Amino acid sequence: MQRLKIDLGERSYDILLGPELLAKVGESLSQTLQPSRIVLITHPFLCQLYGDKLSSGFKDQGWATDVIEVPEGETSKTLKQAEKIYDRLLELKCDRKSVLVALGGGVIGDLVGFVAATYQRGIPFVQVPTTLLSQVDSSVGGKTAVNHPRGKNMIGAFYQPRLVIADLDTLQSLPKNEFRAGLAEVIKYGVIYDADLFDYLEKNVEKILKLDKECLAHIIKTSCAIKADVVEKDERESHYRMILNFGHTLGHAIEALTHYSQFIHGEAVAIGMVCAAKLSHQLGKCSEEVPIRIKELVKKCGLPADLPDLDSQSIIESLYHDKKTMNNKIKFILVKEIGKIEIVDDMPEADIFKLLQSEI
Ligand code: GLY
């Protein structure tokens, strides 16, 4: 087992990474918290797969344990679903020493984090991410949210978990497309921060796609260490944390304009990263080799690299609705070389339009 620390003063916590960790969640948690009771919140199929393993670990610690099941899918990330959970927590008489355990991917992590941030003004929660995307990104860093009919993640809070436990074995049962989508975020860390990670991905992509355990441990640990460093420097995303948004500016627009049905998040991010690299080259920020390498790696990972047929003006309009857009200025993350990026606070519409009109 590997241990990484997120150093945020009194909000610091550890990320535990490795195989066979689910059975040890109770024991690991007991080293940080003394819960009055545990509420495990997860999807029905994950409860079936892993519920007993976790619950018996909690019972070994002498903690009363209840389970709340939430239907799968983004449609569960709503205030209505949060309210159902509040109702149940009240029925169970949960108090401020009750601990919520979020077992699942990004939907569960964001929803449970939001409930934990708001129930009785905040109770402790633990993230047990079961997808690659949530292990390398959403479970770490304290972004919690539910969706609003007008936009994703519009209602939320920065609220850090007390512990993150990523069991690499859970990836073995993850659908292939979900695994590849998680790889998009790993590629992102290479591009924005760590040229060695990018080289490693290029050299080991076949082994990674075969879920080689050593490779998985390496890329997940490296990704979490990068995320930890970024979050430590700018927990509430006043500026620097935006580097994590590389590829997401256009990625979010692609997701929205295809009604969240054509691409899953990481796939849209993959296309967004290729476009952002191409734009960086068009603006003279990087050599031509950069977008070529990113596109090649994206394709080798089995991810889409080409922009779907969408109206350029609609894409630009959609960029103005991004949460990161402030004072009507589009923020954009450009790449200077693999491992080095630049945050542009006011990207001219005309440059994006030119990119969208060119062959990408
Ligand atoms: N997923 C981007 C962030 O946590 O800031």
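Right above here is the structure, for reference.
Residues numbered from 1 in each chain as written. Predicted model: local features only at pLDDT ≥ 70, side-chain atom pairs only at ≥ 80, totals over all residues. Heavy atoms only, no water.

Caption draft 1: Region of interest: helix α10 (residues 265-282). Across its 18 residues, α10 extends 25 Å between first and last C-alpha, which sits within 8% of the 26 Å expected from 1.5 Å per residue. Summarising burial for α10: 15 of the 18 residues are buried, a large majority. Where α10 terminates, the next one or two residues include Gly284, which has phi positive at roughly 75°. (Helix = DSSP H or I, 4+ residues; strand = E, 2+ residues; numbered from the N terminus. Expected span 1.5 Å × (residues − 1). Buried < 20%, exposed > 50% of the residue type's maximum accessible area, 1.4 Å probe, protein only.)

Caption draft 2: Here's a closer look at the packing of helix α3 (residues 79-91) against helix α4 (residues 106-118). As a packed pair, α3 and α4 sit with axes 10 Å apart at the nearest point and diverge in direction by 55°. Taken together, the axes of α3 and α4 lie oblique to each other. By crossing handedness, the relation of α3 to α4 is classed as right-handed. Between α3 and α4, the contacting residues are Leu79, Gln81, Ala82, Ile85, Tyr86 and Leu89 on the first element and Leu111, Phe114, Val115 and Thr118 on the second. A per-class count over the contact of α3 with α4 returns eight nonpolar, two polar and no charged. (Axes fitted to C-alpha atoms, helices over the stretch in contact; angles between N-to-C directions. Parallel < 35°, antiparallel > 145°, perpendicular 65-115°, else oblique. Left-handed = near helix turned anticlockwise from the far one by under 90°. Contact = heavy atoms within 4.5 Å. Nonpolar A, V, L, I, M, F, W, Y, C, P; charged D, E, K, R; others polar.)

Caption draft 3: View of the site of the ligand. The ligand sits among Asp137, Lys143, Lys227, Arg241 and Leu244. Lys143 is positioned with one of its side-chain polar atoms (N or O) 2.9 Å from an oxygen atom of the ligand. Within the contact set of the ligand, an oxygen atom lies 2.7 Å away from a side-chain nitrogen or oxygen of Arg241. Protein coverage of the free-state accessible area of the ligand, which is 200 Å², stands at 85%. Looking at the shell around the ligand, its residues break down into one nonpolar, no polar and four charged. (Near = heavy atom within 4 Å. Polar contact = N/O pair within 3.5 Å; in protein donor to acceptor, adjacent residues only side chain to side chain. Areas by Shrake-Rupley, 256 points an atom, 1.4 Å probe, with all protein chains shown as cover.)

Caption draft 4: Examining the sheet that holds strand β5 (residues 99-104) more closely. An order of β1-β2-β9-β6-β5-β3-β4 is seen for the seven strands of this open sheet, with the pairing classed as mixed. Edge strands, defined here as strands with exactly one partner in the open sheet, are β1 (2-6) and β4 (65-69). In this sheet, adjacent strand axes meet at a mean angle of 20° when their direction is disregarded. Note: strand β3 (residues 38-42) against β5, five bridges, orientation parallel. Paired with Ile41 across the bridge in β5 is Ala102. (Pairing = 2+ DSSP bridges.)

Caption draft 5: Here's a closer look at the environment of Phe246. Along the chain, the position of Phe246 falls in the loop between α8 (213-233) and α9 (248-257). Measuring from C-alpha to C-alpha, the distance between Phe246 and Gln31 comes to 36 Å, with 215 residues separating the pair along the chain. Every residue in contact with Phe246, bar those within four places of it in the chain, is listed here: Lys188, Val191, Ile192, Val269, Met273, Ala276, Ala277, Ile333 and Val335.

Caption draft 6: Structural detail: α9. The buried count for α9 comes to seven of 10 residues, which makes it a mostly enclosed element. Those residues of α9 that fall on the buried side of the exposure criterion are His248, Thr249, Leu250, Gly251, Ala253, Ile254 and Glu255.

Caption draft 7: Just the pattern of salt bridges, in detail. Tallied over the entire structure, the rule returns 19 salt bridges. Notably, a salt bridge pairs Lys77 with Asp110, separated by 2.8 Å at the nearest N-O pair. Note that Lys77 is positioned in the loop between β4 and α3 and Asp110 in helix α4, a separation of 33 residues in sequence. Salt bridges linked by common partners bring Glu74, Lys77, Asp110, Lys152 and Glu255 together as one network. (Salt bridge = Lys/Arg side-chain N within 4 Å of Asp/Glu carboxyl O.)

Caption draft 8: Examining the pairing of strand β8 (residues 151-158) more closely. Sheet analysis places strand β7 (residues 143-148) next to β8, joined by five bridges and oriented antiparallel. Within the sheet, the bridge partner assigned to Ala145 lies in β8 and is Gly156. A loop of two residues connects β7 with β8, the two strands running antiparallel in sequence.

Caption draft 9: Region of interest: the packing of aromatic side chains. What the rule picks out here adds up to two aromatic pairs. Geometrically, the ring pair formed by Phe58 and Trp63 is tilted, given 6.2 Å between the ring centres and 35° between the ring planes. A residue is classified by how much of its surface remains accessible, and Phe58, at 0% relative accessible area, is buried. Taken together, a centroid distance of 6.0 Å and an interplanar angle of 15° make the contact between Phe125 and Tyr159 stacked. With a gap of 34 residues between them, Phe125 in strand β6 (residues 125-129) and Tyr159 in the loop between β8 and β9 (163-167) connect regions that are remote in the sequence. Here Phe125 falls in the buried class, since its relative accessible area comes to 1%. Sitting over the face of the ring of Tyr189, Lys188 holds its NZ or CZ atom 5.0 Å from the ring centroid. (Phe/Tyr/Trp six-rings, centres within 6.5 Å; stacked < 30°, edge-to-face > 60°. Lys NZ or Arg CZ within 6 Å of the ring centre and 35° of its normal.)

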